[in-house]
Amino acid sequence: MVAVFMSDDTGEPEVELEARLEERETFEPPESFVEQANVSDPDVYEEFEENWPDCWERAADLLSWDEAYDTVLEDGDAPFYEWFTGGELNASYNCLDRHVEEGAKNRAAIKWEGELGETRTYTYGDLLNEVEAFAAALRDLGVEEDDVVTLYMPMIPELPIAMLACARIGAPHSVVFAGFSADALATRMNSADSEYLVTCDGYYRRGDALNHKEKADKGLRGVENDVQTVVVDRLGDELTHFLGADAHDYGELVADHEGASVEPVSRDAEDMLFLMYTSGTTGEPKGVKHTTGGYLAYTAWTSHAVLDVKPEDTYWCAADIGWITGHSYIVYGPLALGTTTMMYEGTPDYPEKDRLWDLIERNRVDTFYTAPTAIRSFMKWGTEYPERHDLSSLRLLGTVGEPINPRAWKWYYKHIGGEECPIVDTWWQTETGGMMITTLPAINEMKPGSAGPPLPGIDARVVDAAGEEISAGEAGYLTVNDPWPGMLRTLYRNDERFIEEYWQEYSDPDADEWVYFPEDGATVDEDGYVTVLGRVDDVINVSGHRLGTMEIESAIVGVPGVAEAAVVGGDHEIKGEAVYTYVILEDDAEPSEDMRERIVAAVEDDIGPIARPEEVLFTPELPKTRSGKIMRRLLEDIASGDELGDTSTLRNPEIVDEIADQVDSGA
Ligand code: WTA
């Protein structure tokens, strides 16, 4: 068992907060919010508990089923749980057709804004037409039910369109974050045995046109299958790209299939809706499998209950669709509920640091959902930017992806929410599909820094190494002791690893008792509020992005001259955690600026700029235990500037001071 990595509440930008807010530890949901909330009856917790697992029908009822399910939960082959078995449905029908049929044809489904300021609005009618046209095109290219289609695209409307087109014909999608490298694309396509890729020519970042197609082409050279590629022309004349023999122009395909009518394929509730690769303890990314019925019901339910989404809202989750947050809470949850979901292509500080607030004001956004790392940047930039705008349309705020420090929470509450919006601090993971631990915004009081109680129907606990529940205030490990509809079903084509990664630690297979282990450390207070401390495995969380230290290490040891590398997360003022790398060179190699640059470039090439090391430290040795294990804990302490823990078990204690001196001197 790995030690709990306690990250304390340090590293917050120095920001003025009034003493009044500084001292407050709890906040009540505002009356104006409670009055209009989707879920405001506190009995919901009891109802779910008493009727579990049938309580989940309440989530399934938010969807339209082609065929009613027979069983809510099938647990005969645990932990390979099945939900809503016998049921059939189509996700694109649920996100599009049924709203059009109910008269919402002209309601905006997606409001998109490009970085340079251009806007596009797709009504539910428009979106359905384009999804059908592209679904027809995909079929013509040969895509069949259950073929995995890889989508490697930035935040442009064609990404959710392609996702829904895949869902319509029963082809699972595998979205690869556009910021990931060519190599990362190739690894994921090979792992999923994918023969289809939808990508684009490029996109804007801080006003510059980035060439994305080049990266995709480079990735394709590492893919074993012959791949059919579709390329969206995002940049027009700004960037001319070459369409090879196996590539098709998205615009032409859609024009050729305009007006096509494509029947949504009835999918079994347990059929795969999508794959999403995420980082784990080993270097190999994990293909998390989500299914149609349980996932869609769960994202719709949590969007309804936690994000309080209503069809007439303009709702904005400022994540990237390349991560699970964007899948669940930009695309599937909000569209299943028929609301207007916003998408923004670019960075929050372009052309100015008030870009997001300007977007909220112009679009009269009701709900805003973002990551703590973004909030810490806003704090650093100062209150003058939100103050330039009328943010009174906001009703609810949310955060996700990493722990939020109370100071950032309070800043968000005051300067963005005007002290009138509840904040939901939502703990969940790629694997959980949707939110698991958070306050219900109209029911629970909020405690800044603590995500809150587990949602109704979710049996999350904080336990010690032996699996026993711990007392309030002590640090332990988070577990989930009952299944839930949005859970991953397995790791793609790797049931064994699925068990090893998530179910080995705390389950008792002989007694058929299965406990899910998310690999997070946590504490719980006397009211049952959970504070999540961070990962206890070799995963780090940089700006809310999940990265595997092993993946980064293997990129670094690929650089000629590098003998060994250790990568850890160290506290970072804005990013939460940053990548710190400790490198041992081979005898004939010398530490140099050039070497440092090659190491950084290797990480960017293998994974992407998000994994870019904050610091590269050359060291003659790494702190190791007598049995030869690298003491990561110490390296983390050094990176975070924390007091160093016990070094007495080390084989080479002197190296610790040597490395720490280097860090202090900024070398
Ligand atoms: C962390 C993102 C504290 C946690 C949805 C988890 C959080 C990992 C919170 C999953 C939160 C997510 N408070 N920590 N509200 N939300 N995390 O798979 O360590 O990209 O295990 O899913 O992010 O990251 P993932």
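Residues numbered from 1 in each chain as written. Predicted model: local features only at pLDDT ≥ 70, side-chain atom pairs only at ≥ 80, totals over all residues. Heavy atoms only, no water.

Details of a negative patch on the surface
There is a patch of like negative charges on the surface, built from Glu-74, Asp-75, Asp-77, Glu-82, Asp-495, Glu-496, Glu-500, Asp-508, Asp-510, Asp-512 and Glu-513. Counting residues per element, the negative patch draws most heavily on helix H17 (residues 495-502), which supplies 3 residues. Within the secondary structure, Asp-510 sits in the loop between H17 and strand S24 (520-524). Look at Asp-510 and you get exposed, because its relative accessible area is 80%. (Patch = residues over 30% accessible without salt bridge, like charges linked within 9 Å, V, L, I, M, F, W, Y side chains within 5 Å. Areas by Shrake-Rupley, 256 points an atom, 1.4 Å probe, with all protein chains shown as cover. Salt bridge = Lys/Arg side-chain N within 4 Å of Asp/Glu carboxyl O. Lys, Arg positive; Asp, Glu negative; His and termini not counted. Charge placed at Lys NZ, Arg CZ, Asp CG, Glu CD. Helix = DSSP H or I, 4+ residues; strand = E, 2+ residues; numbered from the N terminus. Buried < 20%, exposed > 50% of the residue type's maximum accessible area, 1.4 Å probe, protein only.)

A word on the site of the ligand
Surveying the vicinity of the ligand reveals 17 residues, the closest of which are Asp-425, Thr-426, Thr-430, Asp-520 and Arg-546. Within the backbone of Glu-402, an N or O atom sits 3.3 Å from a nitrogen atom of the ligand. Here a nitrogen atom of the ligand sits 3.5 Å away from a polar atom, N or O, in the main chain of Pro-403. Against a free-state accessible area of 530 Å², the protein chains account for coverage of 97% of the ligand. Breaking the shell around the ligand down by element, the ones donating at least two residues are helix H12 (324-336), strand S20 (423-426) and strand S25 (530-535). For the shell around the ligand, the class distribution of residues is 6 nonpolar, 6 polar and 5 charged. (Near = heavy atom within 4 Å. Polar contact = N/O pair within 3.5 Å; in protein donor to acceptor, adjacent residues only side chain to side chain. Nonpolar A, V, L, I, M, F, W, Y, C, P; charged D, E, K, R; others polar.)

Concerning the confidence of the model for the chain
Within the chain, residue pLDDT values average 93, and 97% of them lie at 70 or more. Mean pLDDT in the chain bottoms out at helix H21 (residues 654-664), which sits at 81, and peaks at helix H7 (residues 158-169), which reaches 99. In the model, residues 1-11 has pLDDT below 50 throughout and makes 29 contacts with residues more than four positions away in sequence or in other chains. Prediction confidence for the complex, expressed as pTM and ipTM, is 0.93 and 1.00 respectively. (pLDDT = per-residue confidence, 0-100. Contact = heavy atoms within 4.5 Å.)

With respect to the layout of surface pockets
Here the second largest pocket defines a volume of roughly 270 Å³. For the second largest pocket, the full set of lining residues is Tyr-45, Phe-48, Glu-49, Trp-52, Pro-453, Pro-454, Leu-455, Pro-456, Gly-457, Ile-458, Asp-459 and Asp-482. The residue inventory of the lining of the second largest pocket, partitioned by class, reads 8 nonpolar, 1 polar and 3 charged. (1 Å grid on protein atoms, 1.4 Å probe; cavity = no way out; pocket = protein on both sides within 12 Å on 5 of 7 lines; lining within 4 Å. Points joined across faces, edges and corners; volume = space filled by probe spheres on them.)

Digging into H12
Most of H12 sits out of view: 13 of its 13 residues are buried. One or two positions beyond H12, positive phi appears at Gly-338, with a value near 75 degrees.

Section: the state of the cysteines
As used in these notes, a disulfide is a covalent bond between sulfur atoms, one from each of two cysteines. Enumeration according to the criterion identifies 0 disulfides in this entry. As a non-bridged cysteine, Cys-166 has Cys-95 as the owner of its nearest cysteine sulfur, 13 Å distant. Not part of a disulfide, Cys-317 finds its nearest cysteine sulfur in Cys-95, a span of 15 Å. (Disulfide = S-S within 2.5 Å.)

Focus on the sheet that holds strand S17 (residues 340-344)
Reading across from one edge, S5-S4-S17-S16-S18-S19-S20 is the order of the 7 strands in this open sheet, with mixed pairing throughout. The strands lining the two open edges of the sheet, one partner per strand, are strand S5 (119-123) and S20. Across this sheet, the average inter-strand angle for adjacent strands is 20 degrees, counted without regard to direction. Bridging between strand S16 (residues 314-317) and S17 involves 2 bridges; their strand directions are parallel. Bridge pairing in S17 links Tyr-315 to Thr-341. (Pairing = 2+ DSSP bridges. Axes fitted to C-alpha atoms, helices over the stretch in contact; angles between N-to-C directions.)

Some thoughts on the packing of aromatic side chains
This model, assessed by the stated rule, comprises 32 aromatic pairs. Ring geometry for Trp-484 and Tyr-516: centres 5.4 Å apart, planes at 75 degrees, overall edge-to-face. With Trp-484 in the loop between strand S22 (475-480) and strand S23 (490-491) and Tyr-516 in the loop between H17 and S24, this residue pair connects regions lying 32 residues apart in the sequence. Here Trp-484 matches Tyr-516 in class, with each residue buried. Residue placement shows Arg-120 over the ring face of Trp-112; its charged tip is 4.9 Å from the ring centre. Here the guanidinium or amino end of Lys-447 rests over the ring plane of Tyr-529, the centre of that ring lying 4.4 Å away. (Phe/Tyr/Trp six-rings, centres within 6.5 Å; stacked < 30°, edge-to-face > 60°. Lys NZ or Arg CZ within 6 Å of the ring centre and 35° of its normal.)

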